[in-house]
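# Coordinate analysis (summary)
One-letter residues, chain by chain:
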Amino acid sequence: MQTGFLDHITETLQGIEADGLLKREREIVSSQSGRIQVRDARGTREMINLCANNYLGLANHPEIEKAAKAAIDSHGFGMASVRFICGAQDIHRELEQAIARYLDKDDAILFAACFDANGGIFETLLGPEDAIISDSLNHASIIDGVRLSKAKRYRYANSDMDGLEDELKKAVADGTRFRLVATDGVFSMDGYVAKLPEICALAEKYGAMVMIDECHATGHLGDKGKGTPTLTGVGTRVDIITGTFGKTLGGAMGGFIAGPKAAIDLLRQRARPYLFSNSLAPAVAAGSLKAIEIAESADDLRERLAGHTRRFRQGLTEAGFELLPGETPIIPVMTHDAVLAQKLAAELDARGVYVAGFFFPVVPKGQARIRTQMSAALSEADIDTAIAAFIDAGKTIGMI
Ligand SMILES: *Cc1c(COP(=O)(O)O)cnc(C)c1O
């Protein structure tokens, strides 16, 4: 290796650690759930998990596990191919049709991850004559996907509808051919829901299409868990939806794009992460199919999740913590300071509550937080235990 290179890398790492920004991974030795077994220097402990995207608690659902195991028996372990060479099975196509039907779209296409779906969509569908108008808080995968496309880029401050209108006007004045507004349906760091009624109205006024990333919505928000279009009442006015099977819908892995048939057909021909990456494992495809079926009829789990969200918000607000407002199961507890976020996380860890501190570069500097996430896998008693732990930890470090 070239002299000095590894010294340079090591210095960078030391800088990250000195800034209090080093992320350390912990080890879970159980399945993902509301209560998990965590192994660290202190041994193996049971903890209450407040940081998984396991909103409906489907990550270890017995019926999903059964469907996945059955698919290994009937369809094998792996595909060892991309879709267009020899990587497409009946269950892959079934999964595409199921997610398209669930989200009221013509068709859908699978990716290894939503990161890839967002990485492939813009370059494929839009050219240099076109415009992408993007919310400043969009997920990193949208930002990277937009960078890969040759379309003109316009950016507005998070959920600033005057800003969106200004950018749409600019895009029209620049003579762009097609315009696409791209936004997260739920902003993952803050838990805010995109202002879809206003976004759709502005898009229609300025001749633009709307694409939303529903990773933190599909399965648990809106009517039957169909996400933010039903939650906000815009329905099929949203043109294209990207999403994941790696969160509410079983939490394994895999992404998708759902939309008009012609767009999906073109993505199958041109989207690079689709053309040049392996097909989903059969067990993942079959488990995700079962997860859609379960999520669609899981009003009971959605109610339980909403109840936990209200209970936890109320408990922490009354205790004097600063939360970002909202109704989604993402509840950010603000510390602002990265070191304080890590201190709070460590104190919670010692009290059996599993959380993660979020700080730069995942959120802007000065906006460090503990992002908690509710799950239907938790009990009301778990929520109360977690609230008590937050209060005790917060007092110990002088936050409240
Ligand atoms: C998690 C997430 C992704 C990435 O999804 P994967 O399937 O894990 O790659 C993309 N967009 C948003 C908004 C997300 O929250």
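Residues numbered from 1 in each chain as written. Predicted model: local features only at pLDDT ≥ 70, side-chain atom pairs only at ≥ 80, totals over all residues. Heavy atoms only, no water.

## A few points about the nonpolar core
L50, I99, L164, V181, I199, F312 and F390 are the most contacted members of the largest nonpolar core, which has 80 residues in total. Broken down by element, the residue count for this core peaks at eight residues, all from helix α12 (residues 282-296). The two domains that each donate at least three residues to this core are domain 1 (22-56 + 299-396) and domain 2 (62-296). For F312, the residues in contact, after removing those within four places along its chain, are L50, I331, T372, M374, I383, A386, I387 and F390. I121, F122, I132 and Y274 belong to the second-largest nonpolar core, a separate cluster that totals 21 residues. (Core = buried A, V, L, I, M, F, W, Y, C linked by side-chain atoms within 4.5 Å. Buried < 20%, exposed > 50% of the residue type's maximum accessible area, 1.4 Å probe, protein only. Helix = DSSP H or I, 4+ residues; strand = E, 2+ residues; numbered from the N terminus. Domains from an automatic or database assignment. Contact = heavy atoms within 4.5 Å.)

## Here we look at the domain arrangement of the protein
Per the domain assignment, the segments of the protein are domain 1 (22-56 + 299-396) and domain 2 (62-296). Taken over C-alpha atoms, the centre of domain 1 sits 27 Å from the centre of domain 2. Contact residues are listed per partner, giving 18 residues for domain 1 and 20 residues for domain 2. Together domain 1 and domain 2 conceal approximately 1500 Å² of surface at their shared face, both sides included; 59% is due to carbon and sulfur atoms. Where domain 1 touches domain 2, the interface holds one salt bridge. Residues D190 and R369 are paired through a salt bridge, measuring 2.5 Å at the closest nitrogen-oxygen approach. Linking domain 1 to domain 2 there are eight residue pairs in polar contact (both at pLDDT 80 or more). Contributions of two or more residues to the side of domain 1 that touches domain 2 are made by α13 (299-319), β11 (330-336) and β14 (368-373). Residues that form the side of domain 1 that touches domain 2 fall into these classes: 11 nonpolar, three polar and four charged. (Buried area = accessible area lost by both parts, 1.4 Å probe. Salt bridge = Lys/Arg side-chain N within 4 Å of Asp/Glu carboxyl O. Polar contact = N/O pair within 3.5 Å; in protein donor to acceptor, adjacent residues only side chain to side chain. Nonpolar A, V, L, I, M, F, W, Y, C, P; charged D, E, K, R; others polar.)

## Side note on the pattern of salt bridges
Counting across every chain of the model gives 30 salt bridges. Taking the shortest distance from any N to any O, the salt bridge between R93 and D107 comes out at 3.2 Å. Here R93, found in helix α4 (residues 90-102), pairs with D107, found in strand β4 (residues 107-111); they are 14 residues apart in sequence, far enough to count as distant. Overall, D107 belongs to the buried group, its relative accessible area being 6%. For R177, the salt bridge goes to D130, with nearest N and O atoms at 2.9 Å.

## Thoughts on helix α2 (residues 62-75)
The end-to-end C-alpha distance of α2, which contains 14 residues, comes to 19 Å, matching closely the 20 Å that a straight helix rising 1.5 Å per residue would cover. If you check which residues of α2 are buried, you get I64, A67, A68 and A71. End-on, the buried residues of α2 take up no more than an arc of 100°, which puts them together on one face. In α2, the exposed positions angled more than 90 degrees off the buried face are occupied by P62, K66, K69 and D73. One or two steps after α2, the chain reaches G76, where phi turns positive at roughly 85°. (Expected span 1.5 Å × (residues − 1). Arc of directions from axis to C-beta.)

## Let's talk about a nonpolar patch on the surface
A cluster of nonpolar side chains, contributed by M1, F5, L6, I9, L13 and I16, occupies part of the molecular surface with about 590 Å² of accessible area. Here I9 shows up in helix α1 (residues 5-18). By relative accessible area, I9 is classed as partly exposed at 34%. (Patch = residues over 30% accessible without salt bridge, like charges linked within 9 Å, V, L, I, M, F, W, Y side chains within 5 Å. Areas by Shrake-Rupley, 256 points an atom, 1.4 Å probe, with all protein chains shown as cover.)

## Topic: the UniProt feature "modified residue: N6-(pyridoxal phosphate)lysine" (unreviewed entry) in the protein
UniProt records the feature "modified residue: N6-(pyridoxal phosphate)lysine" (unreviewed entry) for K247 in the present numbering. By secondary structure assignment, the location of K247 is in the loop between β9 (240-244) and β10 (255-259). (UniProt positions renumbered as here; feature names shortened; annotations may be inferred.)

## Considering the side chain of D382
Residue position: D382 is located in helix α15 (residues 380-396). Within polar-contact distance, the side chain of D382 engages the backbone nitrogen of S379 at 3.0 Å. Residue contacts for D382: discarding those within four places in its chain leaves R35 and I48.

## Here's the deal with the UniProt feature "binding site: substrate" (unreviewed entry) in the protein
UniProt's feature table lists "binding site: substrate" (unreviewed entry) at H139 and R371, given in the numbering used throughout. Mapped onto the secondary structure, H139 falls in the loop between β5 (131-135) and α6 (140-148). Assignment of secondary structure puts R371 in strand β14. Residue classification places R371 among the buried positions, given a relative accessible area of 7%. Of the polar contacts made by the side chain of R371, one reaches the backbone oxygen of S188; its length is 2.9 Å.

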